[in-house]
Amino acid sequence: MHSFDFSGEDLATLMSRSAARRDAAWGRMVTYSRKVFIPLTNLCLDKCGYCVFARPPEEEAARYMTPEEVLAVAERGRTLGCKEALFSLGERPELRHAKARESLARLGYETTIAYLRAMCALVLEKTGLLPHANPGALSESELRSLMPVAGSMGMMLENISERLMEPGQAHFQCPDKHPVRRIATLEAAGRLKIPFTTGILIGIGETWEERIATLEAIARIHHEFGHIQEVIVQNFRAKPGIRAESWPEPPLDDMLRTIAAARLILPDEVSIQAPPNLMPDEYGRYIDAGLNDWGGVSPATADHINPERAWPKIAELADVTAGRGFQLAERLTIYPRYLGDPDRFVAEEMRGPIFRLAGADGLPAEQRLS
């Protein structure tokens with residue numbers, strides 16, 4: 001591996017280099033996944049300083065969705081042409097909160113992961129949407145248990161700096177955010193050949209050097225296992241009521257430099273993604289920096305991680321993409337590259353549901369751009 005920096009390079013030059021790398025690898029197409037967002041539980045073991053998704057157990061709003069609620073959200077997405085059901089949830093809340101254990105017992109499950117597996121199976125069977133499971137740091141056996149019911153999985157690495165675990169830092173009191181645990185999950189997913197999403201979160205107190213080291217760690221893991229299909233560059237947004245509400249937000253130039261660095265550090269076949277709703281007036285510039293994917297965008301549900309930031313309309317996304325000289329295309333939760341080698345990267349139980357939706361190019365046979 002090389003040692004990268006890019007902090008002192010002229011931004012326009014850096015973006016030009018990154019965009020050229022993107023064009024050579026991905027062409028003039030920027031993709032997105034049409035999804036519903038299913039926040040299975042907002043109880044969580046961790047207490048991240050920047051999070052509004054997780055709720056303390058004493059709040060009435062802290063809960064698990066019921067199977068009926070899960071299915072209603074998925075069915076609404078199906079009627080609007082969605083192909084992906086993104087399950088997002090707090091990490092192992094039953095280890096910290098009696099309310100989580102009691103809720104799971106009422107639902108008939110001992111663990112959150114067991115309940116997640118059942119809800120993925122329910123959505124897959126009843127609606128045909130492809131589950132993408134995003135439950136945080138998991139063991140190899142837990143990952144294996146989800147493979148028959150998930151088209152892909154994900155976990156944000158965020159940052160590998162152990163300094164961020166210290167008092168006053170973003171990951172203080174967050175045992176599942178320890179870098180060793182997160183990296184172990186990425187490597188376990190690699191051994192199982194699970195098409196995987198990860199990413200970095202910028203603006204949470206990390207240095208530029210720590211940011212680059214995190215991208216290098218992702219690159220190293222992908223070089224070993226070949227399973228990381230996309231890397232998200234996500235910017236912190238301040239919100240009332242969080243420990244980090246007074247922290248400065250990363251400016252646009254910081255996002256552009258980080259996207260460009262990610263494209264130049266990561267292997268060409270790894271997709272670079274950034275959420276458009278977190279920089280709503282400027283996200284078109286991300287394409288200039290080397291981005292090739294917008295991630296999951298929903299016509300049906302809010303972004304429950306950043307509920308104050310509405311998704312752009314997909315027609316608007318298409319217009320912004322076209323304005324940069326690119327074509328917007330819908331993709332599935334699993335990328336075409338992995339569909340080309342299903343014996344290695346697609347669980348046998350998932351092949352029928354996935355290939356029923358995929359065209360010959362590995363993108364959805366039915367494209368919905370509005």
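Analysis parameters
Residues numbered from 1 in each chain as written. Predicted model: local features only at pLDDT ≥ 70, side-chain atom pairs only at ≥ 80, totals over all residues. Heavy atoms only, no water. Phe/Tyr/Trp six-rings, centres within 6.5 Å; stacked < 30°, edge-to-face > 60°. Helix = DSSP H or I, 4+ residues; strand = E, 2+ residues; numbered from the N terminus. Buried < 20%, exposed > 50% of the residue type's maximum accessible area, 1.4 Å probe, protein only. Lys NZ or Arg CZ within 6 Å of the ring centre and 35° of its normal. Contact = heavy atoms within 4.5 Å. Pairing = 2+ DSSP bridges. Axes fitted to C-alpha atoms, helices over the stretch in contact; angles between N-to-C directions. Parallel < 35°, antiparallel > 145°, perpendicular 65-115°, else oblique. Left-handed = near helix turned anticlockwise from the far one by under 90°. Nonpolar A, V, L, I, M, F, W, Y, C, P; charged D, E, K, R; others polar. Polar contact = N/O pair within 3.5 Å; in protein donor to acceptor, adjacent residues only side chain to side chain. Right-handed = clockwise from strand over helix to strand, strands pointing away. Expected span 1.5 Å × (residues − 1).

Caption draft 1: Structural detail: the packing of aromatic side chains. Inspection of the entire model under this criterion finds 7 aromatic pairs. With centroids separated by 5.6 Å and ring planes inclined at 25 degrees, the aromatic side chains of Phe4 and Phe6 adopt a geometry described as stacked. Between the aromatic rings of Phe236 and Trp247, the centroid separation amounts to 6.1 Å while the plane-to-plane angle is 50 degrees, which identifies the pairing as tilted. Separated by 11 residues along the polypeptide, Phe236 in the loop between β6 (228-235) and α8 (252-265) and Trp247 in the loop between β6 and α8 bring together distant segments of the chain. We classify Phe236 as buried; its relative accessible area is 2%. One aromatic cluster is present, built from ring pairs that chain together Tyr64, Tyr109 and Tyr115. Looking at Arg28, its charged tip hangs above the ring of Phe326, at a distance of 3.9 Å from the centre.

Caption draft 2: Representation of unusual backbone geometry. Notably, Arg92 is not glycine yet its phi reads approximately 40 degrees, a positive angle. Among the secondary structure elements, Arg92 is positioned in the loop between β2 (84-89) and α3 (98-107). When its relative accessible area of 17% is taken as the criterion, Arg92 is described as buried. Phi angles above zero are rare outside glycine, and Lys193 is one such case at about 60 degrees. The topology assignment puts Lys193 in the loop between α6 (179-191) and β5 (196-202).

Caption draft 3: Here's a closer look at the side chain of Asp176. With respect to the helices and strands, Asp176 occurs in the loop between β4 (152-154) and α6. Residues within four places of Asp176 in sequence aside, it is in contact with Leu45, Asp46, Glu91, Arg92, Ala137, Arg181 and Arg182.

Caption draft 4: Seen up close, the pairing of β5. In terms of burial, β5 is largely enclosed, as 7 of its 7 residues are buried. Residues Phe196, Thr198, Ile200 and Ile202 of β5 are buried on one face, and the alternating residues Thr197, Gly199 and Leu201, pointing to the opposite face, are buried as well. Two elements, β4 and β5, share 2 bridges in a ladder whose sense is parallel. Pairing of Gly154 across the sheet is with Thr197, part of β5. Note that β5 and β6 share 7 bridges and pair parallel.

Caption draft 5: Main features of the environment of Leu45. Its place among the elements puts Leu45 in the loop between β1 (29-41) and α2 (67-79). It is 9.9 Å that separates the C-alpha atoms of Leu45 and Pro56, two residues lying 11 residues apart in sequence. Residues contacting Leu45, with those up to four places away along its chain left out, are Glu91, Arg92, Pro93, Leu95, Arg96, Gln173, Pro175 and Asp176.

Caption draft 6: Focus on the packing of helix α1 (residues 11-26) against α8. Packing of α1 against α8 brings their axes to within 9 Å, and their N-to-C directions diverge by 45 degrees. Classified by the interaxial angle, the pair formed by α1 and α8 is oblique. Like other packed secondary-structure pairs, α1 and α8 cross with a definite hand, here left-handed. Of the residues in α8, those in contact with Leu11, Leu14, Met15, Arg17, Ser18, Arg21, Arg22 and Trp26 of α1 are Asp253, Leu256, Arg257, Ile259, Ala260, Arg263 and Leu264. By residue class, the composition of the contact of α1 with α8 is 8 nonpolar, 1 polar and 6 charged.

Caption draft 7: View of the side chain of Asp293. Considering the arrangement of structural elements, one finds Asp293 in strand β8 (residues 293-297). Of the polar contacts made by the side chain of Asp293, one reaches the side chain of Gln273; its length is 3.1 Å. Reaching out from Asp293, the side chain makes a polar contact with the backbone nitrogen of Gly295 at a distance of 2.7 Å. Leaving out residues up to four positions away in the same chain, Asp293 has contacts with Val30, Thr31, Tyr32, Glu230, Ser271, Ile272, Gln273, Ala274, Arg331 and Tyr335.

Caption draft 8: Quick peek at the pairing of β2. Taken across its 6 residues, β2 has 6 buried, putting it largely inside the fold. With burial as the criterion, each face of β2 is covered, one bearing Glu84, Leu86 and Ser88 and the other bearing Ala85, Phe87 and Leu89. Sheet topology places β1 next to β2; 6 bridges connect them, and they run parallel. The partner of Pro39 across the bridge, within β2, is Ser88. In the classification by handedness, the crossover that spans β1, the intervening α2 and the parallel β2 is right-handed. Here β2 pairs with strand β3 (residues 130-134) via 5 bridges, running parallel.

Caption draft 9: Up close: the packing of helix α7 (residues 208-225) against α8. Between α7 and α8, the least distance of the axes is 10 Å, while the angle of their chain directions is 30 degrees. The orientation of α7 relative to α8 falls into the category roughly parallel. Viewed along their axes, α7 and α8 form a crossing whose handedness is right-handed. Facing α7, whose interface residues are Trp208, Arg211, Ile212, Leu215, Glu216 and Ala219, α8 presents Asp254, Arg257, Thr258, Ala261, Ala262 and Ile265. In terms of residue class, the contact of α7 with α8 is made up of 7 nonpolar, 1 polar and 4 charged.

Caption draft 10: Inspection of α7 at higher detail. An ideal rise of 1.5 Å per residue puts 26 Å on 18 residues; α7 measures up with 26 Å between its terminal C-alpha atoms. Positioned one or two residues after α7, Gly226 has a phi angle of 75 degrees, which is positive.

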